[in-house]
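Residue-level structural notes
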Amino acid sequence: SGSARHGRTAYHFQPAKNWQNGTNGPMYHNGVYHLFYQYNPHGATWGVGNLSWGHSVSGDLVNWAALDAALEPTSPFDANGCWSGSATILPGGVPAILYTGIRADGEQVQNVAFPKNASDPLLREWVKPSYNPVIPLPADVPADFFRDPSTAWLGRDGLWRLAVSAKVGNAVGSTLIYRSKDFRLWERNAAPLQESRAAGMVECPDLFPVAEPGAEEGLDHAPRTGTGVKHVLKLSATDTFQDYYAVGRYNDTTDTFVPEDDGDDCQSWRRLDYGHIYASKSFFDARKNRRVLWSWANETDSQADDVAKGWSGVQIFPRKVWLDNDGKQLRQWPIEEIETLRSRKAGLLGTVVNSGGVNEIVGVAGTQADVEVIFEIPALEGAERFEPNWLLDPQRLCGEKGASVQGGVGPFGLLLMASGDMQEHTAVFFRVFRHHDKYKVLMCTDLSRSTTRAGVYKPPYGAFVEMDIEEHGRIISLRTLVDHSVVESFGGGGRTCITARVYPEHAENGDSHLYVFNNGTGAVKVAKLDAYELATATVNVGDDGLIQP
Ligand code: DQQ
């Protein structure tokens, strides 16, 4: 443990070294994808005062070339750090960055930056006009609770809007709206976009439109009226260090957002991911007419390990997001470009896995894999009875009923990154319960055996998959991306996502294995399983010659 290589990913985005956190300003511009990220050029820890905007470019969202930092803390309005923000493509096609600057005295203000040379296809250099900050700290907001401007959008009245997080009146997780005619003078709307009163502070707000239920195409931020469009508000809550979202109605006259089915406090909303991601941000990808979500996934080993490795933090593999048929939840799915990395393939077709069965999938390296499975449950009668109080805490339920605890229908799923002696393995699985005359599907990622190393955070992760399993023909799908220290899973067609970080000791030197297992009393059928070994992407190791706009 502790070597620079340990846990380093092969196709999840990382800078060549050092610390990264939140996703900043993702965009597609003139044939090039840009990703900026919170970056500490001086080491593998967060380092107050050091934050810069790392910058990489890509032609396909898979292979990346690193450029020089786009923003560094060099100006009076950001002397102590260039914190998170977003990109907006202005009419005429020139992008703008809005970001939070930390002044030398610690005060948080909102700044703007533009490309130095808009005809440089890679937008290497960015300039910060001397008229910054464009939004100073409001009088009713404490100095260190005002940050993370969103992508701006134009209203029907021709005014720009942006959303920014603030603590107003000391204990309100507010998302404020500012409006502007010229992207320079911004005026605060009296009403906040949303208030999460129970949350101490929210961060990184992301408001975006979604097309009618089930339509997978993404929408940009153009003003829209009428039916067929809902909005999603995503907030990152500092109290729980989790990302939440609600589907609801955005009123573009009052600039307020009301969740349709959820309460006011974001901490009671659905989570984007029930493992660990934070500070996510989406963008509209005009190349493929989809909305793409990025997010930071932090390390869960010790800080000493990070310093020894010389790096910390990854980004999730980019996901397409859209509104499910039920009109209530998002679906998320790895962008299709991942298929360009697929090499060796192994699979199963119509294999029955009996009670206690463990089937190895041979021929695919277990540390870089993309596994898609469709499970069919022959009979639901044996399902365990659901206890109503379990509703409150599925994560705890996953802790109590881990992969080794036998059930009726399930646990069944995948054992990933398993050492030859099975001492180490990560389990991703489902368990089906009978709840009155319906069924509830629990999805878990069980990290308890993921590593033999001490000092690693190994919580149970879990959530229910909101789908009617009978209506779906007793079929449920699971997809898992494995990448050395990342296990990113999508249950029920991307209705429930769980991203975990794992640090198996065996994986860098020995063989890592992949299995399907069933620890329920009833059999399950693997209607189809396709496991692909994934090639190593070129991520921030080459020069920018590989990017062809
Ligand atoms: N991290 C940034 C902030 C943001 C937080 C600073 C989210 O802008 O609120 O690195 O993790």
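So, here's what we can say about the structure. Values in this document were obtained by computation on a predicted structure and should not be read as measured data. Numbering of residues begins from 1 in every chain and follows the order in which that chain's sequence is written. Reporting of local features is limited, given that this is a predicted model, to residues whose pLDDT is at least 70; pairs of side-chain atoms are given and counted only at 80 or more, and all residues count toward the totals for whole chains, interfaces and linings. Excluded from the side-chain calculation are hydrogens and water; included are all heavy atoms of the structure.

1. Some points on the packing of aromatic side chains
Aromatic ring pairs: the centre-centre distance and the angle between the two ring planes describe each pair. Pairs were defined over the aromatic rings of Phe, Tyr and Trp, the Trp ring being its six-membered one, requiring ring centres within 6.5 Å. Orientation was assigned from the angle between planes: stacked under 30 degrees, edge-to-face over 60, tilted for the rest. Scanning the model with the defined rule gives 30 aromatic pairs in all. A ring pair is formed by Tyr 37 and Tyr 39, whose centres lie 5.6 Å apart and whose planes are at 75 degrees; its orientation type is edge-to-face. Burial status follows relative accessibility: with a 1.4 Å probe on protein chains alone, a residue under 20% of its type maximum counts as buried, one over 50% as exposed, and anything between as partly exposed. Its relative accessible area of 4% is what places Tyr 37 among the buried residues. We classify Tyr 39 as buried; its relative accessible area is 15%. Here the aromatic rings of Phe 429 and Phe 517 are separated by 6.1 Å at their centres, their planes lie at 75 degrees, and the arrangement is edge-to-face. On the criterion of sequence distance, the pair formed by Phe 429 in strand β31 (residues 426-435) and Phe 517 in strand β37 (residues 513-518) is long-range, its members being 88 residues apart. Using a relative accessible area of 5% as the deciding quantity, one classes Phe 517 as buried. Taken together through their ring pairs, the aromatic side chains of Phe 13, Tyr 37, Tyr 39, Trp 64 and Trp 294 make up a single cluster. What counts as a helix is a DSSP run of H or I of at least four residues, what counts as a strand is a run of E of at least two, and both are numbered from the N terminus.

2. Quick look at empty space enclosed by the protein
The pocket and cavity definitions rest on a 1 Å grid over protein atoms only: a 1.4 Å probe that fits but cannot leave marks a cavity, an open set with protein on both sides within 12 Å along at least five of seven lines marks a pocket, and residues lining either have an atom within 4 Å of a point. Grid points are joined across faces, edges and corners, and a volume is the space filled by probe spheres set on the points. Overall, the coordinates contain three cavities of 30 Å³ or more when judged by the stated rule. Residue lining of the largest cavity: Tyr 11, His 12, Phe 13, Leu 61, Val 62, Trp 64, Trp 294, Gln 315, Ile 316, Phe 317 and Pro 318, and that is the complete set. Split by residue class, the lining of the largest cavity holds nine nonpolar, two polar and no charged. Considered as a void within the structure, the second largest cavity measures approximately 40 Å³ in volume. Lining the second largest cavity we find Pro 209, Val 210, Ala 211, Ala 215, Glu 217, Gly 218, Leu 219, Arg 291, Val 321, Trp 322 and Leu 323. Each residue is assigned to one class: nonpolar for Ala, Val, Leu, Ile, Met, Phe, Trp, Tyr, Cys and Pro, charged for Asp, Glu, Lys and Arg, and polar for all the others, Gly among them.

3. Comments concerning the sheet that holds strand β35 (residues 486-491)
Taken in spatial order, the six strands make up an open sheet running β26-β38-β28-β34-β35-β36, and their pairing is antiparallel. Among the strands making up the open sheet, the edge pair consists of β26 (342-353) and β36 (496-501). Put simply, the sheet's adjacent strands are angled 10 degrees from each other on average, direction ignored. Note: two strands are recorded as paired if DSSP finds a minimum of 2 bridges between them. As paired elements, β26 and strand β38 (residues 524-534) share nine bridges and run antiparallel to each other. Note that in β38 the partner of Val 352 across the bridge is Lys 525. The convention used is that axes are lines fitted to C-alpha atoms, helices contributing only their stretch in contact, and that angles between N-to-C directions extend from 0 to 180 degrees.

4. A closer look at the pairing of strand β16 (residues 229-237)
Burial analysis of β16 places nine of its nine residues in the buried class, which makes it a mostly covered element. Burial along β16 is two-sided: the residues Val 229, His 231, Leu 233, Leu 235 and Ala 237 and Lys 230, Val 232, Lys 234 and Ser 236 are all buried. Summarising the sheet, β16 and strand β17 (residues 242-251) pair through seven bridges and their orientation is antiparallel. Paired with Val 232 across the two strands is Val 247, which belongs to β17. Here β16 hands over to β17 after four residues, with Phe 241 in that stretch at a positive phi of 60 degrees.

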